[in-house]
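Summary of the model geometry
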Amino acid sequence: MFSIQLKEATYFTESYNVPNYSIFLLEDEALFSVNFVKYKTEQNSILFLSPYQNLRWLGNPSSKIKRIEFHGDFYCIEYHKAEVACNGLLFNNIYLQPYISLPKSKFQEISTLTGKMEKETESNKRFSESVVKSYLQLILAICSNEKDHQFGNKFTRQHYKNKILSFQDMLDTHFQTERSPSFYAEKLSMSSSSFNKKVKSQFGKTPTQLIQERVILEAKKLLHLTFKTVKEVAAELNFDDEFYFSRYFKNKVGLSPKHFREKVGISIVAK
């Protein structure tokens, strides 16, 4: 349910879908793709991945990478959302880049906390799990605050100057019924080509990618955070039938809705 792994850079050449939440501490610059979108980090960056996001390393960093991996049953970010405010910011945010670059001193602080967590996991102390959870919560709170400072204020300032940002609000409102980029382009009184270019420039993804990721994000939430059947989830997301929904989900995630739920489980929030 929880692990901290220190791996040589050559280890990170594979492409995989991790069934847990993952945090990567990247001391050096790194080149990788998440859900097939390319990113390049600066030194002292931290990457956050939600369960079953596709990660592929496109270049080998010159130093070791620290990876913290934890299952939702170990630390439920939904249950602790008031304490760390990381859900929808560090994790499960399709509109922002999945990493943050930190000042060296702040990165070293996170690295030190990670080292303390590692020591706790190696011990047999009675309260090790509680201590590790406290360190993890502190790391998430620090990073949430930093990312909110870097991106939250920026997006708020830009929102009224750049109407393409309203696409995010529109998509969150209409994704269940409207999955064609042309619908959103028309709403914004833009041509399809102009709309596509501006969305890609603003978010780093095409409108089609964002629409698909928003549908999948909601599907994952319903499968993990509720007891609804696959058929009920399909209906709520406006799919014609559960079989088409299952094919759609498997094509994007790599496994069926049923197997996804078996792997990640149903959150304590649903109970």
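Structure first, text after, so check above.
Residues numbered from 1 in each chain as written. Predicted model: local features only at pLDDT ≥ 70, side-chain atom pairs only at ≥ 80, totals over all residues. Heavy atoms only, no water.

Let us look at the overall build of the chain. The number of helices and strands found in the chain is 10 helices and 9 strands. Of all 271 residues assigned to the chain, the portion counted as buried reaches 49%. As displayed, the chain offers around 13,800 Å² of accessible surface, 47% of which is attributable to carbon and sulfur atoms. (Helix = DSSP H or I, 4+ residues; strand = E, 2+ residues; numbered from the N terminus. Buried < 20%, exposed > 50% of the residue type's maximum accessible area, 1.4 Å probe, protein only. Areas by Shrake-Rupley, 256 points an atom, 1.4 Å probe, with all protein chains shown as cover.)

This part takes up the nonpolar core. Core analysis: the largest hydrophobic core is formed by 37 residues, its most contacted members being Phe167, Phe195 and Phe245. Those elements that place two or more of their residues in this core are α4 (166–174), α5 (181–187), α6 (192–203), α7 (207–225), α8 (230–236), α9 (242–253) and α10 (257–264). Per-element accounting of this core gives the leading share, 8 residues, to α7. In this view, phenylalanine 167 contacts Tyr184, Leu188, Phe195, Val199, Phe203, Pro207, Leu210 and Ile211; residues no more than four positions away in its chain are not counted. In this structure, Ile68, Ile139, Ile142 and Cys143 belong to the second largest nonpolar core, which totals 29 residues. (Core = buried A, V, L, I, M, F, W, Y, C linked by side-chain atoms within 4.5 Å. Contact = heavy atoms within 4.5 Å.)

Turning our eyes to something else, we now look at the pairing of strand β3 (residues 21–26). Burial analysis of β3 places 6 of its 6 residues in the buried class, which makes it a mostly covered element. Residues Tyr21, Ile23 and Leu25 point to one face of β3 and Ser22, Phe24 and Leu26 to the other, with burial holding for every one of them. Both β3 and strand β8 (residues 65–70) contribute to a ladder of 5 bridges, which runs antiparallel. Considered in β8, the bridge of leucine 25 is made with lysine 66. By the bridge criterion, 5 bridges tie β3 to strand β6 (residues 45–49) in an arrangement that is antiparallel. Pairing of phenylalanine 24 across the sheet is with leucine 47, part of β6. (Pairing = 2+ DSSP bridges.)

Summed over the entire model, instances satisfying the criterion amount to 22 aromatic pairs. Here the aromatic residues Tyr52, Phe239, Tyr244, Phe245, Tyr248, Phe249 and Phe260 are joined through ring pairs into a cluster of three or more. Sitting above the plane of the phenylalanine 239 ring, arginine 179 keeps its charged end 4.4 Å from the centroid. In this structure, arginine 214 packs its charged tip against the face of phenylalanine 175, placed 4.1 Å from the ring centre. (Phe/Tyr/Trp six-rings, centres within 6.5 Å; stacked < 30°, edge-to-face > 60°. Lys NZ or Arg CZ within 6 Å of the ring centre and 35° of its normal.)

What follows covers α6. When the terminal C-alpha atoms of α6 are compared, their 16 Å separation across 12 residues agrees well with the 16 Å that a helix rising 1.5 Å per residue should span. Within α6 the residues assigned to the buried category are Phe195, Val199, Gln202 and Phe203. An end-on view of α6 places all buried positions within 75° of arc, on one side of the element. Opposite the buried face of α6, at more than 90 degrees from it, the exposed residues are Lys197 and Ser201. Positioned one or two residues after α6, glycine 204 has a phi angle of 80°, which is positive. (Expected span 1.5 Å × (residues − 1). Arc of directions from axis to C-beta.)

Moving on, we come to the pattern of salt bridges. A complete count under the given rule lists 7 salt bridges for this structure. Of the charged contacts in the structure, one is a salt bridge between glutamate 78 and lysine 81, with a shortest N-O distance of 3.7 Å. The exposure class assigned to lysine 81 is partly exposed, which follows from its relative accessible area of 48%. Salt bridges sharing common partners tie together Asp172, Arg214 and Glu218. (Salt bridge = Lys/Arg side-chain N within 4 Å of Asp/Glu carboxyl O.)

Let us now look at the environment of valine 233. Structurally, the position occupied by valine 233 is in helix α8. The class of valine 233 is buried, set by a relative accessible area of 0%. A sequence separation of 13 residues divides valine 233 from lysine 220, and the C-alpha atoms of the two residues are 9.6 Å apart. Other than its neighbours up to four places away in sequence, valine 233 contacts Ala219, Leu222, Leu223, Lys228 and Phe245.

Let us now look at unusual backbone geometry. Even without glycine at this site, asparagine 92 takes up a positive phi of about 60°. Examined against the element boundaries, asparagine 92 turns out to sit in the loop between α1 (81–84) and β9 (99–101). With a phi close to 65°, asparagine 238 is a non-glycine residue in the positive phi region. Turning to its location among the elements, asparagine 238 is positioned in the loop between α8 and α9. For asparagine 238, a relative accessible area of 43% puts it in the partly exposed group.

Scope: geometric values only; no functional claims are made or implied.
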